[in-house]
Amino acid sequence: MNEPKPVFEPQSNEELAWLGTDPIPASAYHDPAYYELEREAVFKRSWLPIGHVCELAEPGSFIRRDIEVVKASLLIARGKEGEVRAFHNVCPHRGTRLVPEVSGTQATFSCRYHAWTFGLDGGLISAPDFERFYVKKEQCGLKPVAVEVFAGLIFIHFGSPEQSVRDWLGDLAEPFEQLPIAKATQFVEYSYEIGANWKLTFDNFQENYHLRVVHPRTGGPGCAEPNPFAYPERYNFWGPHRSQTIWNNPNLPAPQGVQAIGNGRIVDAAGRAGLFGAELGMDFTCLFPNFTVFGPPARQFTQTVWPLGPNRSRGIVRFYWVGEEENASERFAREYVMASQRDIHCEDRDVIEAGQAGLASGAIDHINFQGQEVLCRHLFEAVDAMVAAWRSNNGG
Amino acid sequence: MHNWWRVGATVTADETSLPDGFEALERFVATWAIADLAERDAMRGSSTPDQRKAFYSVASGLLEPALDYLDGKPLTALSDPEQRLMNLMLSLAHVALAQEVQHEDEAHHAHFRSFLPFTPKA
């Protein structure tokens, strides 16, 4: 009659101690000098996911992306043969920002200053009175930026990448490709600016320690015995990338009312679409430096956290969906999932900003991460290793 | 300006009609039958507790019948009354979070949400 009580043991500190246990210097989260080092060492030298191929539906489709941390604006366009290319959104004549639109579809791009006109391959097609210049048209194309499409995501790299995205992901590449985002055809997005260093913003999504404090109503029910902090089943590491595998608590109370219908019908829809079964389907996976994807197909979402300054960042959250909604139930369920997820997320902003205010005051020299905040430590260590390498290569 | 009692005089029965069996929701059409996700979310934030309570108390019991009814048709083939019913139920997704999860914290929570608005459709 009596079901055995579920037991839960989080990964022990001993298992996680290989990453170190020392306090982390707080200055890395607010010091302008460290931020400058991150710009050079990390954001100019890493693959960065800036969008999804579903945004480039046909030849001539383009998106503009402004990446403040490297002071760049990019033009990413699908060419006549379907290939995806990325360029600096800068006219090579006098440096004018070329494309003002955020997205669109067109065959050429004309500069609004002197009407230089470029094709989808970045080549200069025409320029008025060009005979008077001292260069050839072939020398006047848009400046390309390294770009790759992997698992549906568009990655760009501002330097000269030493590895393809696949090689950079290593053993994570194969399971990552199984995620439904690889097949997504549309997305809904929300975004926010926040007065916090990008790592502090990002770290909020890498630890569950805060859940029952900050989310008593939206997340509280998930924090139940025998796992009152909703710690994950395990942590996984692939080079600079990492994930936590969520533990399913069988003790959770069954949802009621509209919540039960919303949650139930999205699970039905994801099942019909065959989206379950991915190896990372219960993982919160983080790609270095600033991208996360929450794997459960019934509520998959991604977040990219972009630095805007030492004490400021922007989060862009997207719900990627595979195909149009099949029926009214699925449309309702998607809406419910998106609204409920944003309801949880919005509760974090205030405390993250409070954390930044405290750190920026210089009142504490160090941050102490506990064992179950190991993913935050791992991000810092990965960033700091790149910063140290860049420093030593540049006489620092 | 979505309040039905203010604009009711200019809304004709034709513009508020719903499929048979869902007449009880017609008085909510002017306020809650909203076509865009970002606007539905905004309406949750700007509505009064009484508006949410009144809508939820009638609509939540009709959610399953409404979805079962609408599931019988492709989404691209909904008539105007059916589309209004769909939009009402989509607004219910938002209002239910206030009524079932946030309760008396809803006003405070609306402040949190205001910093993370959904991106309107292009």
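Each value, and the rule that gives it
- Residues numbered from 1 in each chain as written.
- Chains lettered and ligands numbered in written order.
- Predicted model: local features only at pLDDT ≥ 70, side-chain atom pairs only at ≥ 80, totals over all residues.
- Heavy atoms only, no water.
- Helix = DSSP H or I, 4+ residues; strand = E, 2+ residues; numbered from the N terminus.
- Contact = heavy atoms within 4.5 Å.
- Pairing = 2+ DSSP bridges.
- Axes fitted to C-alpha atoms, helices over the stretch in contact; angles between N-to-C directions.
- Buried area = accessible area lost by both parts, 1.4 Å probe.
- Salt bridge = Lys/Arg side-chain N within 4 Å of Asp/Glu carboxyl O.
- Polar contact = N/O pair within 3.5 Å; in protein donor to acceptor, adjacent residues only side chain to side chain.
- Nonpolar A, V, L, I, M, F, W, Y, C, P; charged D, E, K, R; others polar.

Enquirer: Before we move on, could you go through the environment of Leu153 of chain A and cite the residues and values that matter?
Expert: Residue and element names in this part refer to chain A. Locating Leu153 in the fold gives a position in strand E11 (residues 153-157). It is 7.9 Å that separates the C-alpha atoms of Leu153 and Ile181, two residues lying 28 residues apart in sequence. Every residue in contact with Leu153, bar those within four places of it in the chain, is listed here: Gly51, His52, Glu148, Phe176, Ile181 and Phe291.

Enquirer: Quick rundown of unusual backbone geometry? Include the residues and the values.
Expert: Excluding glycine, residues mostly have negative phi values, and the peptide bonds linking residues are mostly trans. For the peptide bond that leads from Glu225 of chain A to Pro226 of chain A, omega is 10 degrees, which places it in the cis range. Counting through the fold element by element, Pro226 of chain A comes out in the loop between helix H6 (211-214) and strand E13 (234-238). Cis geometry marks the peptide bond from Phe288 of chain A to Pro289 of chain A, where omega comes out at 0 degrees. Following the sequence through the fold, Pro289 of chain A ends up in the loop between strand E15 (283-287) and strand E16 (291-294). For His103 of chain B, which is not glycine, the phi dihedral falls at a positive 50 degrees. In this fold, His103 of chain B is placed in the loop between helix H7 (80-102) and helix H8 (106-113).

Enquirer: Go over the sheet that holds strand E9 (residues 124-126) of chain A with me, naming the residues and quoting the values.
Expert: Residue and element names in this part refer to chain A. Taking strand neighbours across the sheet as the criterion, the 3 strands line up as E7-E8-E9 in an open arrangement whose pairing is antiparallel. Across the chains shown, the open sheet's two edge strands, defined by having one partner strand only, are strand E7 (108-110) and E9. Taking the axes of each pair of neighbouring strands and ignoring which way they run, one obtains an average angle of 35 degrees across the sheet.

Enquirer: Got a sec to walk through the interface of chain B and chain A? Specific residues and values, please.
Expert: With 36 residues of chain B in contact, the opposing surface of chain A contributes 33 residues. Interface area, chain B with chain A, both sides summed: about 3100 Å², of which 62% is carbon and sulfur. Its largest share of buried area at the contact with chain A, chain B owes to Leu75, Leu116 and Phe118 of chain B, together 22% of the area lost on that side. For Arg217 of chain A, the salt bridge goes to Glu104 of chain B, with nearest N and O atoms at 3.1 Å. Across the contact surface, chain B and chain A share 18 residue pairs in polar contact (both at pLDDT 80 or more). Taken together, the elements giving at least two residues each to the side of chain B that touches chain A come down to helix H4 (37-46), helix H6 (63-70), H7 and H8 of chain B. For the side of chain B that touches chain A, the element with the highest residue contribution is H7 of chain B, accounting for 12 residues. Looking at the side of chain B that touches chain A, its residues break down into 19 nonpolar, 7 polar and 10 charged.

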